[in-house]
There are 2 protein chains.
Amino acid sequence: METIEQVLESRSIRVTAMRMLIYKFLAEKEVAVTLSDIENAFVKADRTTLYRTIKTFEEKAIVHQIDDGTGITKYALCEQGCNCDIKTDLHLHFHCNNCNETICLTDHKIPQIKVPDGFVSENVNLVVKGICDKCSG
Amino acid sequence: METIEQVLESRSIRVTAMRMLIYKFLAEKEVAVTLSDIENAFVKADRTTLYRTIKTFEEKAIVHQIDDGTGITKYALCEQGCNCDIKTDLHLHFHCNNCNETICLTDHKIPQIKVPDGFVSENVNLVVKGICDKCSG
DNA sequence: ATAATAATTGCACTTCCATTGCATTGGTTT
DNA sequence: AAACCAATGCAATGGAAGTGCAATTATTAT
């Protein structure tokens, strides 16, 4: 089991208290979070710091951005083996219309999508919307 | 061939000059447009009017909203037989990373996506990103 | 250890898009 | 023509994303 420090260092991200806390927060969440969510969890920290921390994590492929159609960008920790930095990596996310939460379905692969002649597919954003397991129960 | 008036009336949308112009603009565009695009095309009209017209069209299922991941909402006329009002209707859009345009690929159906037990799929948002036919040529 | 250097954080501000309240105009109906 | 309701225009707000700069903190070199 890797420690948070090791994760950060392995991606050449300097270890700071703030970054460790944010990483921990993301790791404990099982759903994707917005910047506001993080803001509310760390009221003492400045919004900009949180914003830039997430951006750093994103650049270093520790976190990936999710566009679930709500208009607000969400973020989630990349799973072990997630190649968010590679453009051809396929994400599948589920957005619950009831509780408004977005979940990474990492073990559900996206089928190959055919595009017309002349079009080159580089990336696919697939969001399934509906009712999640907690809300449908 | 239906006239614009007929289209609007059949959806119980009152026919006004503004609405006809906006409908015509959308019909002539082969790509999805942003509110700003419409704004630039109708400099004399107020932004709010354009915004509300689009919202009206959306409610009446004449136009559908597209979230292509650029962060800016885009709109496009629904095709003949498009059931945007029905939640189970599946959209497929292509966003060009080069020219930044978004195209509806209405004749490309989305394959059935499996979701885990307990999850109920109501809708799927699928955006393929890459290079469009014009830019790849 | 201390100075020099570089990265991180916090504050203030800006920009952009989406949205709403309210007054005014314009079209329908009786 | 009067009354009514919808559509339009103006002004303003809210929220999220992003940037510049100063202050702080950590790292490196002397």
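Everything below is about the structure shown above.
Presented here is a report on the structure given in the accompanying data block.

Parameters at a glance
Residues numbered from 1 in each chain as written. Chains lettered and ligands numbered in written order. Predicted model: local features only at pLDDT ≥ 70, side-chain atom pairs only at ≥ 80, totals over all residues. Heavy atoms only, no water. Axes fitted to C-alpha atoms, helices over the stretch in contact; angles between N-to-C directions. Helix = DSSP H or I, 4+ residues; strand = E, 2+ residues; numbered from the N terminus. Parallel < 35°, antiparallel > 145°, perpendicular 65-115°, else oblique. Contact = heavy atoms within 4.5 Å. Nonpolar A, V, L, I, M, F, W, Y, C, P; charged D, E, K, R; others polar. Near = heavy atom within 4 Å. Polar contact = N/O pair within 3.5 Å; in protein donor to acceptor, adjacent residues only side chain to side chain.

Focus: the packing of helix α2 (residues 17-28) of chain A against helix α4 (residues 47-59) of chain A
All names here are of chain A.
Working step 1: Look at α2 against α4: their axes get within 11 Å of each other, and the N-to-C directions meet at 70 degrees. Taken together, the axes of α2 and α4 are roughly perpendicular relative to one another. Mapping the contact onto sequence places Met18, Arg19, Ile22, Tyr23 and Leu26 in α2 and Thr49, Leu50, Thr53, Ile54, Thr56 and Phe57 in α4.
Working step 2: Of the residues belonging to the contact of α2 with α4, the class tally is 7 nonpolar, 3 polar and 1 charged.

Re the protein's contact with DNA strand C
Working step 1: Surveying the vicinity of DNA strand C reveals 16 residues, the closest of which are A:Arg14, A:Thr16, A:Thr49, A:Arg52 and B:Tyr51.
Working step 2: Backbone atoms, meaning sugar plus phosphate, form 69% of the atoms of DNA strand C positioned within 4 Å of the protein.
Working step 3: Interatomic distance of 2.8 Å between a side-chain N/O atom of A:Arg19 and a phosphate oxygen of DNA strand C.
Working step 4: Here a phosphate oxygen of DNA strand C sits 2.6 Å away from a polar atom, N or O, in the side chain of B:Tyr51.
Working step 5: Of all elements in the fold, only α2 and α4 of chain A together with α4 (47-59) of chain B reach the threshold of two or more residues within the surface near DNA strand C.
Working step 6: By residue number, the principal contributor to the surface near DNA strand C is α4(B), which donates 5 residues.
Working step 7: Split by residue class, the surface near DNA strand C holds 3 nonpolar, 5 polar and 8 charged.

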